[in-house]
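Structural characterization, general
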Amino acid sequence: MAKKPISFPRDYSLPHLRIDRFAKALDYQQPKPKNFPRVPEGPERFSHGGKLSTGLGLALVAAQGVKQLRDPNIAVGKPNAYFEVVSGVDTLLPDKGWTGVRIGAVRRDPNGTQVGTLFVTGDGETVLSDAIAEYTAGTSTTASTKRLNQIERIAPWTVDSLWMDLRAAPEAGQRIWWECWCWPKTAKHLVQPAARLKLRVSEQRLLFPDFEVVPVYGTREDIEKLLANSDAIAELRHASDTPHVYAHDLRAYQIPILDDLVARITPPPDNAPAACLLDTGVARAHPLLAASLNPADCQSVDDAWGRDDHDGHGTEMAGMALLGDLTYPVGDQRQIILSHRLESVKLLPPDKFPPNEPANLGYVTQSAISLPESEAPDRKRAICMAVTNKGLSGAFPTSWSAAMDQAAAGVMNGDDGNSPRRLIMISAGNVPDEALIVDTMDLTRFPIEDPAQAWNPLTIGGFTDRDTISDPLYLDRTAAAEVGDHSPYSRNSVAWVDAPIKPDLVFEAGNRAFAPTATQYDSGLDSLSLLTTNRDHIRDPLTTTWATSPATAQATRMAAILMAEDATCWPETVRALMVHSAEWTPRMQDRFKTNKGKRKALLLAREFGYGVPNLDRALQSARSDLAIISQATIQPFRMPTKVGARGSPINDGTAKFHHLHLYRLPWPVEELETLGEKRVELKVTLSYFIEPSPGQFAPKTPALYRSHGLRFDLQGRLENEAMFLSRINGLAAADEADEITSEDAVDDNDDEAISVGNEPDDRWRFGSNSRNYKAAGSLHCDVWQGPGVDLAARRTLAVYPVSGWWKTRALKKRYNSKAHYTLIMTLRSLEQDVDLHTPVDVAIKTWIDQDVDV
């Protein structure tokens with residue numbers, strides 16, 4: 001049986017709560033320093049030293065049992081041991097001392113003793129043993145003697161030794177979110193072992209001067225394994241921050257909380273990329289939004305509607321798109337430097353105006369998109385539209401979805417040849433509140449809504465990490481979804497055929513709850529939702545939000561941050577980076593247990609897209625996890641010409657395929673061969689925008705809807721480059737022999753390893769059958785896993801065209817058009833921490849310096 005892939009860590013960094021503003025100022029009186037306990041002499045020292053030595057011996061035996069849980073394939077950091085130590089009554093434990101020994105969690109018992117945990121790494125065990133022996137013999141230093149006098153006894157530790165919460169530590173087998181309080185220098189050593197133990201690690205991180213708090217979801221037994229395989233954890237607590245605290249418990253303090261946060265925000269420059277909201281308008285005067293949203297950047301499709309928020313939805317999305325979930329930033333002590341700003345276009349009319357006609361939605365949306373471009377034509381922007389045609393399935397193209405594809409491709413009405421291509425986010429749509437629980441169990445009942453089936457925009461669905469209910473009126477309820485699973489608000493495309501994989505990505509959308517005998521879910525519980533800006537910023541500046549709207553706003557925020565990081569990135573590239581960084585959570589991967597292999601992967605993708613994105617991974621590479629990016633322009637087709645009767649060139653009426661792109665990969669061959677049978681992973685994402693043609697045959701035949709298509713393939717293990725090129729070129733001949741393409745002929749029940757051409761390759765997650773035929777669209781992502789030595793032999797990758805209406809509809813004269821695409825390839829080691837980045841970097845620089853024709 002093949003090994004399961006080892007997920008690499010997520011390393012998001014989000015802020016925490018602060019209550020400095022509520023401190024009451026009093027005159028300060030310097031406390032008198034406590035005296036160390038007196039130094040015992042003779043027999044008393046010998047007795048105390050013997051007691052400490054005996055306790056240390058028992059603790060070392062227990063520590064050896066924990067060390068047996070340490071797995072060299074999982075562990076990061078130095079081997080360690082924990083010992084529980086207890087002080088005398090009214091005596092402080094030493095806060096620092098011997099080399100390799102430091103104090104971790106410390107709590108005070110009611111009788112006045114302190115119970116703490118010594119964290120021992122490296123030679124610390126020997127140092128501590130020697131210190132006790134010298135103390136017993138009366139030869140220890142004064143400082144060491146004082147430290148040991150502060151310790152009443154040493155004992156074996158348990159997870160409870162690190163527990164610092166007022167609530168009881170969880171029982172065995174109970175799953176909760178644990179707050180792992182880590183020393184800042186070693187916090188990075190926690191995330192990778194947690195991922196390799198298949199534990200869910202939250203992106204919500206809290207930073208303090210002395211600690212970094214990393215939430216991890218698991219059982220007591222999981223945490224014991226994590227402690228054995230990491231040297232990061234100093235304390236453990238129950239993770240419990242929820243929006244309910246701010247929406248209700250601290251409602252009277254929202255204004256001072258808000259003032260504190262505003263003071264810590266550095267607004268973005270005027271030319272920063274924008275998160276552009278097509279919604280109900282925005283309450284621009286909100287203190288958290290005003291400095292990032294200029295009056296000129298607030299517009300409306302109809303001036304009679306006004307530009308302010310008439311509903312509240314737009315202001316909620318603005319907070320999410322600018323700052324993300326405010327549950328954490330409202331109390332953090334860090335400065336927040338914004339690299340993107342906001343734009344607002346009022347797309348939906350107030351209640352006193354007639355609603356937008358369904359037939360005009362495409363036109364109205366395109367009109368809305370053109371408004372901010374007229375105001376700030378040079379500004380980069382990510383467009384957010386959390387609006388769908390409720391109840392209308394997106395299984396087939398519509399005028400609205402095609403209009404969104406046009407807008408993304410830069411070919412909508414009014415665009416000229418130099419119009420920008422656009423990055424657009426669309427919400428997948430929500431399962432209605434009145435839906436019966438039994439109906440929501442059938443994934444086919446609630447398909448993604450129009451226009452989220454559009455090929456070019458990113459469609460955003462929802463997952464959730466929220467499962468703790470703290471709303472007083474709902475404490476008898478149970479969370480509907482487990483941590484890391486599908487948000488019960490979100491729709492999917494499980495039932496779709498010959499349609500793009502949708503959603504593309506999932507972001508936090510909150511959770512629902514249910515009572516023991518309920519037939520419907522409870523929606524909108526504060527503790528299962530997200531915190532954001534409220535339209536009524538005078539009385540209640542903060543409110544909660546949920547479902548796929550805030551998920552879409554979070555995606556827009558991520559896109560804008562990526563745009564600000566690298567201004568050279570095309571919209572296709574930002575889209576690719578987001579998808580490329582995403583992974584399925586362990587809970588997601590447990591889905592569809594009755595299905596295996598590529599069929600299971602396709603079902604997972606149609607429910608969760610390509611997973612939960614990771615901003616850090618989208619922004620940067622790592623030693624053993626590097627990304628290679630290509631932005632390129634290709635001419636897929638050409639119209640051959642012949643000489644006319646008068647010697648002038650005329651076309652022959654039938655367009656042909658023109659170019660493919662071949663990439664020689666700068667693989668670190670020596671390092672890959674050294675890995676031998678140890679597994680590596682190659683992830684490939686291909687992103688491009690098509691020009692749509694939503695005719696009557698387009699729903700059934702994707703080749704008639706798209707202007708062109710692109711695909712990628714990797715050189716086979718037994719192929720040389722000439723054989724590989726011959727195989728790829730053979731595809732063009734096959735496609736031209738059948739202009740409708742062979743997509744309709746593919747057996748939907750075929751779960752075998754299928755590769756385009758002659759050599760089967762079953763190491764791809766989706767495989768060419770699913771990647772190329774069962775999932776239409778303009779975004780293709782797949783993962784290859786196998787031995788390093790195997791990948792070392794695969795040094796060429798091809799990007800090649802497949803048919804589209806640019807080729808087949810000669811009267812439109814688009815056959816010689818060029819197309820942009822972005823290709824991202826990530827190579828990472830799964831079983832051994834190997835530096836792959838340096839040799840690839842050196843190879844690329846060498847090729848550039850030597851002007852090598854690769």
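Residue positions are given per chain, counting from 1 as you read along its sequence in written order. This being a predicted model, a pLDDT of at least 70 is required before a residue's local features are given, and a value of 80 or more before pairs of side-chain atoms are given or counted; all residues contribute to the totals for chains, interfaces and linings. Neither water nor hydrogens contribute to the side-chain values; these are computed over all heavy atoms in the structure.

Exposure classes here rest on a 1.4 Å probe applied to the protein chains alone. A residue is buried below 20% of its type maximum, exposed above 50%, and partly exposed in between. A run of H or I in DSSP counts as a helix once it spans at least four residues, and a run of E counts as a strand once it spans at least two, with each numbered from the N terminus. Counting buried positions along strand E15 (residues 381–385) gives five out of five residues, so the element sits mostly inside the fold. Burial of the side chains of E15 extends over both faces: Arg-381, Ile-383 and Met-385 are buried on one face and Ala-382 and Cys-384 on the other. Here strand E11 (residues 274–279) pairs with E15 via four bridges, running parallel. If you follow Leu-277 over to E15, its bridge partner there is Cys-384. Here, any two strands with at least 2 DSSP bridges between them count as paired. Of the strand pairs in this sheet, E15 and strand E16 (residues 423–427) are connected by four bridges, and their pairing is parallel.

Of all six residues making up strand E31 (residues 709–714), six are buried, and the element is well covered by its neighbours. Residues of E31 alternate between two faces, with Gly-709, Arg-711 and Asp-713 on one and Leu-710, Phe-712 and Leu-714 on the opposite face, all of them buried. The pairing of E31 with strand E33 (residues 796–802) spans six bridges and is classified as antiparallel. Within the sheet, the bridge partner assigned to Leu-714 lies in E33 and is Leu-797.

Working definition: a ring pair exists when centres of Phe, Tyr or Trp rings (six-membered ring for Trp) sit within 6.5 Å. Plane angles under 30 degrees give stacked, over 60 give edge-to-face, the rest tilted. In the structure shown here, the tally under the stated rule is eleven aromatic pairs. Relative to Tyr-217, the ring of Trp-177 has its centre 5.3 Å away and its plane inclined at 55°; by these criteria the two rings are tilted. Remark: Tyr-217 occurs in strand E8 (residues 212–218) and Trp-177 occurs in strand E5 (residues 176–182); sequence separation between them is 40 residues. No difference in accessibility class separates Trp-177 from Tyr-217, as the two residues are buried. Seen from their ring centres, Phe-637 and Phe-657 are 5.7 Å apart, and the 50° between their planes marks the pair as tilted. Here Phe-637, found in strand E25 (residues 637–638), pairs with Phe-657, found in strand E28 (residues 656–657); they are 20 residues apart in sequence, far enough to count as distant. Judged on exposure class, the residue Phe-637 and its partner Phe-657 are both buried. Chaining the aromatic ring pairs together yields one cluster made of Tyr-82, Phe-119, Trp-157 and Trp-183. As a reminder, the over-ring test applies to NZ of lysine and CZ of arginine, requiring each to be within 6 Å of the ring centre and within 35 degrees of the ring normal. Directly above the aromatic system of Trp-570 lies the positively charged group of Arg-421, at a separation of 5.2 Å from the ring centroid. The side chain of Arg-765 reaches across the aromatic face of Trp-584, ending 4.9 Å from its centre.

Let us now look at the packing of helix H9 (residues 361–375) against helix H10 (residues 399–409). Axis definition: a line fitted to C-alpha atoms, over the contacting stretch in the case of helices. Angles run 0 to 180 degrees between N-to-C directions. Orientation of H9 relative to H10, taken along the N-to-C sense of each, is 25°, at an axis distance of 8 Å. Compared by their axis directions, H9 and H10 come out roughly parallel. As for how H9 packs across H10, the hand of that crossing is right-handed. Two secondary-structure elements touch here, H9 through Leu-361, Gly-362, Thr-365, Gln-366 and Ile-369 and H10 through Trp-400, Ala-403, Met-404, Gln-406 and Ala-407. Residues were grouped as follows: Ala, Val, Leu, Ile, Met, Phe, Trp, Tyr, Cys and Pro as nonpolar; Asp, Glu, Lys and Arg as charged; and all remaining residues, including Gly, as polar. A class-by-class count of the residues in the contact of H9 with H10 yields six nonpolar, four polar and no charged. Angular relationships are summarised with four words: roughly parallel below 35 degrees, roughly antiparallel beyond 145, roughly perpendicular across 65 to 115, and oblique for the angles in between. Two helices cross in a left-handed way if the nearer one is turned anticlockwise from the farther one by less than a right angle. They cross in a right-handed way if the turn is clockwise. The contact criterion used throughout is that any non-hydrogen atoms of two residues lie within 4.5 Å.

So, on to unusual backbone geometry. Geometrically, the link from Asp-450 to Pro-451 is a cis peptide bond, its omega value of 10° lying close to zero. Secondary-structure assignment places Pro-451 in the loop between helix H11 (437–440) and strand E17 (458–464). Residues Lys-502 and Pro-503 are joined by a peptide bond in cis, for which omega reads 0°. Phi angles above zero are rare outside glycine, and Lys-198 is one such case at about 60°. Looking at the element boundaries, Lys-198 is found in the loop between helix H4 (188–196) and strand E6 (200–201). Unlike most non-glycine residues, Ala-547 shows phi in positive territory, near 85°. The topology assignment puts Ala-547 in the loop between strand E23 (542–545) and helix H12 (548–565). When its relative accessible area of 4% is taken as the criterion, Ala-547 is described as buried.

On to the pattern of salt bridges, then. A side-chain nitrogen of Lys or Arg and a carboxyl oxygen of Asp or Glu constitute a salt bridge if their distance falls within 4 Å. Here the structure, examined in full by the defined rule, presents 34 salt bridges. Here Arg-587 and Asp-485 are joined by a salt bridge, their closest N and O atoms 3.0 Å apart. In this pair, Arg-587 sits in helix H14 (residues 586–589) while Asp-485 sits in strand E19 (residues 485–486), placing the two residues 102 residues apart along the sequence. With relative accessibility at 25%, the residue Arg-587 sits in the partly exposed group. Owing to a relative accessible area of 5%, Asp-485 belongs among the buried residues under this scheme. Put simply, Arg-828 and Glu-681 hold a salt bridge, and the shortest N to O gap is 2.8 Å. Here Arg-828 is found in strand E34 (residues 819–829), whereas its partner Glu-681 is found in strand E30 (residues 679–688), with 147 residues between them in sequence. The class of Arg-828 is buried, set by a relative accessible area of 3%.

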